[in-house]
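In case you want the letters, here they are:
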Amino acid sequence: MDELRTKLLHEIMGIYGPNQGQSIGAVIIPAFVSDFKSVVEKSDSSDEVTEEYMTEDKRIHLVLCGRKTLGKKGYSTYVTDARFNGKRLFEGTNELHIAI
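From N to C terminus, the protein chain includes 2 helices and 5 strands. By the compact-globule yardstick of 13 Å for 100 residues, the protein chain fits well, its C-alpha radius of gyration being 14 Å. Its C-alpha atoms give the protein chain principal-axis dimensions of about 45 × 25 × 20 Å. Each of the 100 residues in the protein chain was classed as buried or not, and the buried ones make up 38%.

Structure follows, in structure tokens:
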């Protein structure tokens, strides 16, 4: 999860600059990730779920894909792909599996 947050913060700071990017990232990253986790948890099956997020100023367009899996301790949720303004955040990674 920290890997996803770090990559998102890096991209946000690239758009808004370090100071404004830090403060914006501190608000929207937890909001987007928390909402996405809720969407994945509410899905009916273990099929991949995709959700899009955009800031009010439309400078950030985030697409998260994920799924839930059933294990010994119940369901776990994972991000399987992340695109930030059309760019894949984890380029070169065939199978992304970040727990949320």
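Applying the stated criterion across every chain yields a total of 1 cavity of 30 Å³ or more. Its boundaries defined by the atoms lining it, the largest cavity holds a volume of some 30 Å³. Forming the boundary of the largest cavity are Leu8, Ile12, Ile28, Ile29, Phe32, Ile60, Leu62 and Phe84. At the level of secondary structure, the elements contributing two or more residues to the lining of the largest cavity comprise helix 1 (2-16) and helix 2 (18-42). The dominant element in the lining of the largest cavity, judged by the number of residues it contributes, is helix 2, at 3 residues. Residues belonging to the lining of the largest cavity are distributed by class as follows: 8 nonpolar, no polar and no charged.

With respect to the helices, strands and loops of the structure, Ser43 is situated in the loop between helix 2 and strand 1 (49-54). Ignoring anything within four residues of it in the chain, the contact list for Ser43 reads Val49 and Lys68.

One pass over the full model with this rule turns up 3 salt bridges. Between Lys87 and Glu11 there is a salt bridge, and its shortest N-O distance comes to 2.9 Å. Of this pair, Lys87 sits in strand 4 (residues 87-88) while Glu11 sits in helix 1, placing them 76 residues apart in sequence. With a relative accessible area of 45%, Lys87 lands in the partly exposed category. A salt bridge links Asp81 to Arg83; its shortest N-O distance comes to 3.6 Å. Within the structure, one salt-bridge network assembled from shared partners comprises Asp81, Arg83 and Arg88.

Turning our eyes to something else, we now look at helix 2. In this model, helix 2 (25 residues) spans 35 Å end to end at C-alpha, consistent with the 36 Å of a helix rising 1.5 Å per residue. Of all the positions in helix 2, only Gly21, Gly25, Ile28, Ile29, Phe32, Val33, Phe36 and Val40 are classed as buried. Tucked into the core, helix 2 has its buried residues touching helix 1, strand 1, strand 2 (61-71) and strand 3 (74-84).

Pairing of strand 1 with strand 2, which is carried by 6 bridges, proceeds in the antiparallel orientation. By the bridge assignment for strand 2, Thr50 is matched with Cys65.

Cut-offs and rules
- Residues numbered from 1 in each chain as written.
- Predicted model: local features only at pLDDT ≥ 70, side-chain atom pairs only at ≥ 80, totals over all residues.
- Heavy atoms only, no water.
- Helix = DSSP H or I, 4+ residues; strand = E, 2+ residues; numbered from the N terminus.
- Rg over C-alpha atoms; globule rule 2.2 N^0.38 Å.
- Buried < 20%, exposed > 50% of the residue type's maximum accessible area, 1.4 Å probe, protein only.
- 1 Å grid on protein atoms, 1.4 Å probe; cavity = no way out; pocket = protein on both sides within 12 Å on 5 of 7 lines; lining within 4 Å.
- Points joined across faces, edges and corners; volume = space filled by probe spheres on them.
- Nonpolar A, V, L, I, M, F, W, Y, C, P; charged D, E, K, R; others polar.
- Contact = heavy atoms within 4.5 Å.
- Salt bridge = Lys/Arg side-chain N within 4 Å of Asp/Glu carboxyl O.
- Expected span 1.5 Å × (residues − 1).
- Pairing = 2+ DSSP bridges.

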